[in-house]
Each structure stands twice: as C-alpha cells, then as structure tokens.
Amino acid sequence: QPLNNPRFVAVSREALALLGLDADQVVNDPLGPEYLSGSKLMPGSEPAAHCYCGHQFGQFAGQLGDGAACYLGEVKAPLGQSPELLRENPSGRWEIQVKGAGLTPYSRQADGRKVLRSSIREFLCSEAMFFLGVPTTRAGSVVTSDSRVVRDVHYSGHPRHERCSVVLRIAPTFLRFGSFEIFKRADEFTGRQGPSYGHDEIRGQMLDYVIEMFYPEIQQNHPDRVERNVAFFREVMHRTARLVAQWQCVGFCHGVLNTDNMSILGLTLDYGPYGFMDRFDPDFICNASDNSGRYSYQAQPAICRWNLVKLAEALAPELPPERAEAVMDEYLDLFNRFYLDNMRKKLGLLIKEEPEDEMLITELLQTMHNTGADFTNTFRSLSLICCPTEAETEGEEELRKKTTDLLLDQCASLEELKAANKPTMDPRELAMLLSLAQSNPSLFQMISDRMTIARQLDKLGKLKDLMETSQEELRAKQAVEWTSWITRYRKRLARELEGQSDEQAVKEERERVMNSTNPRVVLRNYIAQNAIEAAENGDFSEVQQVLRVLEKPFSFQPGLELPARVSGGGTTAQGERDEGEEQQQEASSSTTRNPVPYDSKPPAWAQELCVT
C-alpha cells in the first residue's frame, strides 16, 4: 500500500551495497523513497507475504504469517562482493522485504503498518548487531511519510496519530523455525494445527530448497536423504548455539524468542522489544510484556534449545526423532564452548585455557550483579587492568586501588540499586500468592509460578538491606568485592606471561583483542529514544549520527562523542510534528536533559523507558 509523501530518514551505505546500490545515488533519486518503501513496485518484483506458524510464550499459536512485512523478491549479489559475505550467503542472492508496507493476507485485525519509533529501533539495531560481529538480518533504509495511523503508545487509553514508516530488510532468507510449523498436527494443549497439516510433500520441497540454497555443502556431502537432514539440523543447532552465546557476551536480550522469530540460518531476526543490558542483572527482562520472565537474559540459551526441539518436531518424520534427540544432546556443551571462548577474549585470556577460567568468569558476573555494575563499560574497562610482572613490587597497592576505582565508577549508586530492587508485584498480590502456594498448590500453579515469587522475595530482601545502608557503606562494600576479584584476575593474567620471552608483545595483543571484542558503544534504549524523539520532531540527523557511531562500536570517533541534538533543543521542521504530540513533547522537554556521551552509563531518566 503506497505511502503519502515518503522520504528517507536514514540509509545504511554498507547494507545497500549488498544489493549493488550506491547510497548517495539512492538518497538523491526522487523515486528512491518510493521504491524502498514498497510505494512503487521495482521492475521484476512479485510481492508476497510468507505464511508461518509459531509457539508464542510456550503455546502453539497456529497460523501467524507476515502481518506487516512484504517480500519484494531476490537480488543477485553484485560482482566483486566479498568472499566472506558470499561464504555466509552461498545462494549468491539477497532477499529484500519491506516491513510496515500495509495489509497482507496475514495482518489479522491489524493494519500492516509500522510507525517511526519501531522502525528506527529495527533499522539501527539490525546494523548495530552486524558491526558488533553478531549474525543478523540487515536494514538498508528507513522511510517515513505523511500517512498516519493511530497508536496507543503506552496502552494507557491515550492514543495518538503517528507517521507510517517502512524499513527495507535484507537477508539471504527470512525463513524461520515457524516456517516448518505450518505442517504441525493439532496441538495437544491449544487444539490448533498448522494450515498445511498433511501436506508432507510441501515440507519435503521446503527442506530441499533450504538445504540446496543455503547449505550446499551439506547437500553435496550427504547423498542419503536422512543423513542430509540430520546434518542440516545439526548445523542449524550449531549456528543457534553460537548466536545465543554471542548475544550473552554483548548483553543483548531479544525479548520475544518465539519459534516464529528464530532464523533457519542462525541470524538475529525481528527486532521488537529488544534491549542491551545497562546494569548487569541475569534476570534482566527487556520486554515489559513478558511478565513471567520467560525470555529474560539468562533464560535465552535454554529457550533457544526449547525452540530447536520444536523445529525438530516440525521436521519429523523427514528428521527421525531419535536422531534429532542425539543432536540436541550436543547443544549445551556446544553453547558453553562458544560462550567460554568469547568470554576468554573479553577477559584477555588468550594463551592458556585453564579449568578455573569458568569460575573466574562466574565470579566476575556475580561481582557485577552485586555491585550493579554497567555490563558494557565494565568489560571495556578490563583492558586497563595491567598484567603483573616479576619486577612489579613497589606501587602495587596504589595500582590495585587505581583499577578498583576505575571499576567502581561503573557501579550503581544506592538510589539506583533501590530502584532496581523495588518489587514489581503489589505487596497484597504477593501475600495472596504466598498464601495460595501453601493452601492450594494446584490453583497457584495455574496463575503463577515459584520462580516469579522467588524473584519478588529476593528483591524484597535486597531492598530491605539497602534501606539500612548508606551510600558510603555501599561504596566501601563494592570496593571490597572488586578488590577481591581484581586480585584473582591479575594472578590469572600473570600465568599468561609464564614462559613468554616478549611480555610486552603479549600485553599489547591482549589489549588489542579485548578492545576489539568489548565494544565502547552499544544501542542502549536511551540512545535510540533520543534519536526517535528528534526524528518525531522532524530532525533525522541524530538517527544518522547514531548509525555512524554504531558502525564503529569498538573505536573512539572524534566529533561523535555526544548526540547531535538532545530532546527539547533546536528547531523543529514545519509540518513534521505529529498531531497530538505537542503535549507529550512539552512534557518530555520540560525536564532539561543534559546530553551524555554515547559510551557513558545511561542517564537517570533512562530508567523510566518501557518497551513492550
């Protein structure tokens, strides 16, 4: 469905290059926004929407499908595309989609549109993940328009008009685990079944297509069909384990890990209520709609395993269940290996692999949790902790204090920890559930679970302790915890130097690897929010600047330390502000926001952000 007066908010030069497009030419072409928003059809394009099913929050939801995304076609990779990219995409073609382009056969009761908020978040995070080295779908552009839809941003009964916007998405394929669930028999819990149940020949065709196009080596090396399918499933399992290990190591939380959001290629797919952790918390939930914490940060590895089991069920009998089970037995060890390999790089443990490394990592995360340390900045700071040498005796205490102070700067204040440990459940509800757990366990299990209650009680206990603590006492306790861990870490670093003739070269390589593994900048929610608010006021420069910053997340970029503009400052382009937005903008700018660098801990106002 065409947009009214489409115009570019931002384009990704590197993503458009995948299609053989020059970003400057695209931006300067008057028809560019029309073609890349689906408002005008590209020559040769045959638009289509993809039918798939999915398990959503653990329950089979039946038929879903592309409710807001439209497939436009596939573009052959241009000559000269890097061998590395073609190794990841052996089909030699890039599938392009427009997300937010209007109604599809699977829109159900929705309108098939996306707004500026969600479109900017998807565009920026797709590219941010790529430059962090995490497998992902890409985003070539984001286009906005004068077309409007009504949205209730906070589900508070105060809807407003927002601009329709469209993201151009790029990937080898957008097929997902849920693509194969269209063949599912009636679910024993929900009673729903896939729309293609019984059409086994289509499942065979889909399997053939996916393996031949995207896993050609498996196709060539396994003439036996069953062995081929087992090898394919093992590779999907392998890629998924690697992907979720990478998420954990950059503090990324997907938010909605349903089977319909899991890529058959092991890519990060569908950016909705995602979030990068600020203060480290293993129970971090980025999606405010996830009341049970099913998709929390620490749950992600197990949830990805659960989703792989559902994929295996969907592939049966093409994939014999007993063979799939044997493959799944490998998952946990594989994930742990990927995770430990990444974590060793983050800690600069490059020469030796020692059994105690896993405990050192666990103790680091526990210290970060106890002290409320910032995930991204703490890891980035570790490269500043020096390796001890034999000659180092004088000044060792001063050095230890200096490194401790460095990490203490990333810890949460007393007020921040109080806010973080405030129970999210009403005390009366909690008391009722505790009583119910004892008096009527079966009813309790229907409406809650012990893990949720345990989390609430844990928060209450921590909050009680914090209420009896002063800021000075908290700081002293944090210093003791960090001093203890740093001492163990430096002892481990000393063993890296044992037997090395050129200690300086070892230290330099350690620093180089750590600073190319631990990013300076990630797409924190407040960074995205600043860009969104500026764009909603007609200023797209912050979206474009944030993209430039995220394209080099490991580097210091002079001139790009601070936001181009903060909310409430500067001028607004005439006609860009949305109807009904004045009151909200006045409210948000009434409290002056001091700009903070992109690589700093989030400002206090960021705690109020809520993504659903």
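Being a predicted model, the structure only gives us computed values, none of them experimental.

J.: Honestly, the pairing of strand 7 (residues 138-151) in this entry has me stumped. Any pointers?
T.: In summary, the side chains of a regular strand alternate between the two faces of the sheet. Within strand 7, 10 of the 14 residues are buried, which leaves it mostly tucked inside the rest of the structure. As judged from the 4 bridges shared by strand 1 (residues 7-11) and strand 7, these two strands associate in the antiparallel manner. From the neighbouring strand, valine 11 faces strand 7, where its bridge partner is serine 141. In this structure, strand 7 lies alongside strand 8 (residues 160-171), joined through 10 bridges in antiparallel fashion. The partner of serine 141 across the bridge, within strand 8, is leucine 168.

J.: Please clarify how the pattern of salt bridges should be interpreted in this entry.
T.: Proximity of charged atoms lets side chains of opposite charge pair with each other. Counted according to the given criterion, the structure contains 41 salt bridges. For arginine 169, the salt bridge goes to glutamate 122, with nearest N and O atoms at 2.9 Å. With a gap of 47 residues between them, arginine 169 in strand 8 and glutamate 122 in helix 5 (residues 116-132) connect regions that are remote in the sequence. Of the two residues, arginine 169 and glutamate 122, both sit in the buried class. Salt bridges linked by common partners bring Arg344, Glu353, Glu354, Glu356, Asp357, Arg492, Arg495 and Glu496 together as one network.

J.: I keep staring at the packing of aromatic side chains and nothing clicks. Help me out?
T.: For any pair of aromatic rings, geometry is given as the distance between the ring centres together with the angle between the planes. On inspection of all chains with the given rule, the structure shows 16 aromatic pairs. Summarising the aromatic geometry, the rings of tyrosine 526 and tryptophan 605 are spaced 6.1 Å apart at their centres and angled 90° between planes, so their arrangement reads as edge-to-face. Note that tyrosine 526 is positioned in helix 21 (residues 525-536) and tryptophan 605 in the segment after helix 23 (582-590), a separation of 79 residues in sequence. The exposure class of tyrosine 526 is buried, given its relative accessible area of 2%. Grouping aromatic residues by their ring pairs yields a cluster made of Trp247, Phe252, Tyr271, Tyr274 and Phe276.

J.: Could you clarify how one ought to interpret helix 19 (residues 471-497) in this entry?
T.: Think of an α-helix as turning once every 3.6 residues; residues three or four places apart then point the same way. Helix length check: helix 19 (27 residues) gives 39 Å between terminal C-alpha atoms against 39 Å at 1.5 Å per residue, within 8%. Within the span of helix 19, buried status applies to Leu474, Gln478, Trp482, Trp485, Ile486, Tyr489, Arg490, Arg492, Leu493, Glu496 and Leu497. Immediately downstream of helix 19, the backbone of glycine 499 shows phi near 80°, a positive value.

About the thresholds
- Residues numbered from 1 in each chain as written.
- Predicted model: local features only at pLDDT ≥ 70, side-chain atom pairs only at ≥ 80, totals over all residues.
- Heavy atoms only, no water.
- Buried < 20%, exposed > 50% of the residue type's maximum accessible area, 1.4 Å probe, protein only.
- Helix = DSSP H or I, 4+ residues; strand = E, 2+ residues; numbered from the N terminus.
- Pairing = 2+ DSSP bridges.
- Salt bridge = Lys/Arg side-chain N within 4 Å of Asp/Glu carboxyl O.
- Phe/Tyr/Trp six-rings, centres within 6.5 Å; stacked < 30°, edge-to-face > 60°.
- Expected span 1.5 Å × (residues − 1).

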